[in-house]
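# Residue-level structural notes
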Amino acid sequence: MYQKQEFNKRPTKIGRRSLSRSISQSSTDSYSSAASYTDSSDDETSPRDKQQKNSKGNGDFCIKNIKQADFGRREIEIAEQEMPALMALRKRAQGEKPLAGAKVVGCTHITAQTAVLMETLSALGAQCRWAACNIYSTQNEVAAALAEGGFSVFAWKGESEDDFWWCIDRCVNLEGWQPNMILDDGGDLTHWIYKKYPNMFKKIKGIVEESVTGVHRLYQLSKAGKLCVPAMNVNDSVTKQKFDNLYCCRESILDGLKRTTDVMFGGKQVVVCGYGEVGKGCCAALKAMGSIVYVTEIDPICALQACMDGFRLVKLNEVIRQVDIVITCTGNKNVVVRENLDRMKNGCIVCNMGHSNTEIDVASLRTPELTWERVRSQVDHVIWPDGKRIVLLAEGRLLNLSCSTVPTFVLSITATTQALALIELYNAPEGRYKQDVYLLPKKMDEYVASLHLPTFDAHLTELTDEQAKYLGLNKNGPFKPNYYRRVAVRSL
């Protein structure tokens, strides 16, 4: 199960230019976008040591290189074409300015797709300050475009862990600026404010969290009676779970493995640890490519689903010697430990598709008797004394976003859900939401889905008055009760 994090403990300060090897914080989950054409090593000067201003003389940002703004703008414009719902929301609501007066502090992956979300929030009336939720996640050219556009962005690709927390603090700690909304991915921003700026935290009107890890941390605060503001659990909305987790991973698992290893999938034996939405997507893709797929699972419901989908349910130690690829996607810790790694065959590919970088015990591989060999970006060979080697991808961090990309269209679904959650919490009348964690109302889930249907020239069937009365529904929805999930039990 999810392990409690020590939120009141700031990571030990390390050199700015050294890349953190910590596996204890969700912030160090790798997410270096393959779509970024800039590398963190192209200039050894830390952005913290630079004085940069945009063309309007504003210097309230800290990024790699403001000169990359034009290229970043083109990246954002490309992303806009595949984010129809977010653009539609921007067009429909910018006249009303539903976020007028909102001061949103955000901590997410800073990519072209996130930039479209940030610019949409701004068009709807919000003021935004942003940091990256992962030390490898930022597309430097996109951060430059945002800074040039007047956004206060504190992020660059290849931050040290000390840089990471410094950026969050700069994002939050501005004299005369009190945030009233939080948009978080992983919970680091929320808990930084909660621990370091408790008075600021009490004035927050709402929190929107999109990750498994961050949601668990919110529930921990709620259970302890320490969550003094309402929070929206976007991760468990149907539009996030079903589309981002299932369909996104169904496409991106193959992309990430191909780009890093050039592996042929046909005939390969693969074990997928976890058969939640992410695991389902991975298994479906690999099966379609001709792989022999095994599944490990702790939940009997997910396990039964795997069996009925045609996969053999096993314990990891039963197949670890024979498989060619090991994929973790449970959200848990120590799913693959040193004992498993020692027993793997020569050339076995090991990777993680879960949110956190704790699933593979990478720390156990950093011992004197093992040799690490970097063969490509985000690809390491770990070599045993007898010459056996395994292929470790992204140092056990999130494979698809570390080594390739994810479909922009899927991110449009998630980003639209986040935007609507912010609008809902910000405009909710007093008393609607108490100091607890809530799911996005089903009506909004359905609205997000409906905004994406025109892309496929899809036409919904409408209920007749008689049919609606028979089912006891409103003709315009919602069509399912709030407790109905449309998704399977999540594997943890």
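Source: prediction; values computed, not measured.

### Focus on the overall build of the protein chain
What the protein chain contains, in helices and strands, is 17 helices and 15 strands. The buried share of the protein chain, taken over its 492 residues, is 59%. Pairs at least 24 apart in sequence give 74% of the contacts found in the protein chain among residues at least 6 apart. Put simply, the protein chain shows about 20800 Å² of open surface, and 50% of that area lies on carbon and sulfur atoms.

### Some points on the UniProt feature "binding site: substrate" (unreviewed entry) in the protein chain
Here the UniProt-annotated "binding site: substrate" (unreviewed entry) positions come out as T111, D185, E210, K240 and D244. Relative to the helices and strands, K240 is located in helix 9 (residues 238-261). For K240, a relative accessible area of 7% translates into the label buried. Excluding residues that lie within four positions of it along the chain, K240 makes contacts with E210, V234, N235, N245 and T414. The exposure class assigned to D244 is buried, which follows from its relative accessible area of 12%. Excluding residues that lie within four positions of it along the chain, D244 makes contacts with T239, C249, V410 and T414.

### Focus on the packing of aromatic side chains
Where two aromatic rings form a pair, the distance of their centres and the angle of their planes describe that pair. Overall, the coordinates contain 8 aromatic pairs when judged by the stated rule. Aromatic ring contacts, followed pair by pair, group F164, W165 and W192 into a single cluster. Positioned above the aromatic ring of F311, the side-chain terminus of K287 is 5.1 Å from the ring centre. Taking NZ or CZ as reference, R366 lies 4.1 Å from the ring centre of W372, over its face.

### Quick notes on the packing of helix 2 (residues 84-93) against helix 3 (residues 112-123)
The interhelical angle for the contact between helix 2 and helix 3, taken along N-to-C directions, is 15°, at an axis separation of 9 Å. For the element pair helix 2 / helix 3, the angle class is roughly parallel. For the pair helix 2 and helix 3, the sense of crossing is left-handed. Contact residues: helix 2 offers L86, M87 and R90, while helix 3 offers V116, L117, E119, T120 and A123.

### Structural notes on the nonpolar core
Counting 60 residues, the largest nonpolar core has V104, L121 and V153 as the members making the most contacts within it. By residue number, the principal contributor to this core is helix 15 (residues 408-427), which donates 12 residues. Discounting chain neighbours no more than four positions away, the residues touching V104 are A126, Q127, C128, R129, W130, W177, M181, L183 and L422. A131, W156, W166 and V437 belong to the second largest nonpolar core, which has 33 residues in total.

### Observations concerning the sheet that holds strand 11 (residues 349-352)
By way of backbone hydrogen bonds, the strands of a sheet pair with one another, either parallel or antiparallel. As summarised here, the arrangement of the 8 strands in space is 9-8-7-10-11-14-13-12, forming an open sheet in which the pairing is mixed. Both edges of this open sheet fall to strand 9 (312-313) and strand 12 (371-376), since each of them pairs with a single strand only. As paired elements, strand 10 (residues 325-328) and strand 11 share 4 bridges and run parallel to each other. Bridging across to strand 11, I325 finds its partner in I349.

### Things to note about the sheet that holds strand 4 (residues 181-184)
Ordered in space as 3-2-1-4-5-6-15, the 7 strands form an open sheet in which the pairing is parallel. A strand with exactly one partner marks an edge of an open sheet, and here the two such strands are strand 3 (152-154) and strand 15 (437-439). Strand after strand, the sheet turns through a mean of 20° between neighbouring axes, direction not considered. Looking at chain direction, strand 1 (residues 103-108) and strand 4 are connected through 4 bridges and run parallel. Within the sheet, the bridge partner assigned to G106 lies in strand 4 and is L183. On the sheet, helix 8 (residues 212-223) packs against strand 5 (206-209), strand 6 (231-233) and strand 15 and is oriented at approximately 140° with respect to strand 5.

### Let's talk about helix 8
An α-helix turns once every 3.6 residues. As a result, residues three or four positions apart point the same way. The end-to-end C-alpha distance of helix 8 is 16 Å, a good match for the 16 Å that 12 residues give at a rise of 1.5 Å each. Burial of helix 8 is extensive: 9 of the 12 residues sit out of reach of the surface. Restricting attention to buried positions, one finds in helix 8 the residues V212, T213, G214, V215, H216, R217, L218, L221 and S222. The secondary structure elements touched by the buried residues of helix 8 are helix 6 (188-196), strand 5, strand 6 and strand 15.

### Some remarks on the confidence of the model for the protein chain
When pLDDT is averaged across the protein chain, the result is 87; 89% of the residues are at 70 or more. The low-confidence segment residues 487-492 (pLDDT under 50) makes 25 contacts with residues lying over four places distant or belonging to another chain.

### Re helix 4 (residues 140-148)
Among the 9 residues that make up helix 4, 8 are buried, leaving the element largely enclosed by the rest of the structure. For helix 4, the set of buried residues is N140, E141, V142, A143, A144, A145, L146 and A147.

### With respect to the packing of helix 5 (residues 161-172) against helix 6
Viewed as axis vectors pointing N to C, helix 5 and helix 6 meet at an angle of 70°, and their least axial separation amounts to 11 Å. With respect to helix 6, the axis of helix 5 lies roughly perpendicular. Both helix 5 and helix 6 take part in a crossing whose hand is right-handed. For the pair helix 5 and helix 6, contact is made by F164, W165, I168, D169 and V172 and by D188, L189, W192, I193 and K196, respectively. Here the residues of the contact of helix 5 with helix 6 are counted per class, giving 7 nonpolar, no polar and 3 charged.

### With respect to the state of the cysteines
Tallied over the entire structure, the rule returns 0 disulfides. No disulfide involves C133; its sulfur sits 5.5 Å from that of C107, the nearest cysteine. C282 provides the cysteine sulfur closest to C351, a residue in no disulfide bond, and the two sulfurs are 7.8 Å apart. You can call C351 buried: its relative accessible area is 0%.

### Description of the pairing of strand 7 (residues 269-273)
A large share of strand 7 lies buried, amounting to 5 of its 5 residues. Of the two faces of strand 7, the one holding Q269, V271 and C273 and the one holding V270 and V272 are both buried throughout. Pairing of strand 7 with strand 8 (residues 292-296), which is carried by 5 bridges, proceeds in the parallel orientation. Directly across from V272, in strand 8, lies its bridge partner V295.

Rules and cut-offs
Residues numbered from 1 in each chain as written. Predicted model: local features only at pLDDT ≥ 70, side-chain atom pairs only at ≥ 80, totals over all residues. Heavy atoms only, no water. Helix = DSSP H or I, 4+ residues; strand = E, 2+ residues; numbered from the N terminus. Buried < 20%, exposed > 50% of the residue type's maximum accessible area, 1.4 Å probe, protein only. Contact = heavy atoms within 4.5 Å. Areas by Shrake-Rupley, 256 points an atom, 1.4 Å probe, with all protein chains shown as cover. UniProt positions renumbered as here; feature names shortened; annotations may be inferred. Phe/Tyr/Trp six-rings, centres within 6.5 Å; stacked < 30°, edge-to-face > 60°. Lys NZ or Arg CZ within 6 Å of the ring centre and 35° of its normal. Axes fitted to C-alpha atoms, helices over the stretch in contact; angles between N-to-C directions. Parallel < 35°, antiparallel > 145°, perpendicular 65-115°, else oblique. Left-handed = near helix turned anticlockwise from the far one by under 90°. Core = buried A, V, L, I, M, F, W, Y, C linked by side-chain atoms within 4.5 Å. Pairing = 2+ DSSP bridges. Expected span 1.5 Å × (residues − 1). pLDDT = per-residue confidence, 0-100. Nonpolar A, V, L, I, M, F, W, Y, C, P; charged D, E, K, R; others polar. Disulfide = S-S within 2.5 Å.

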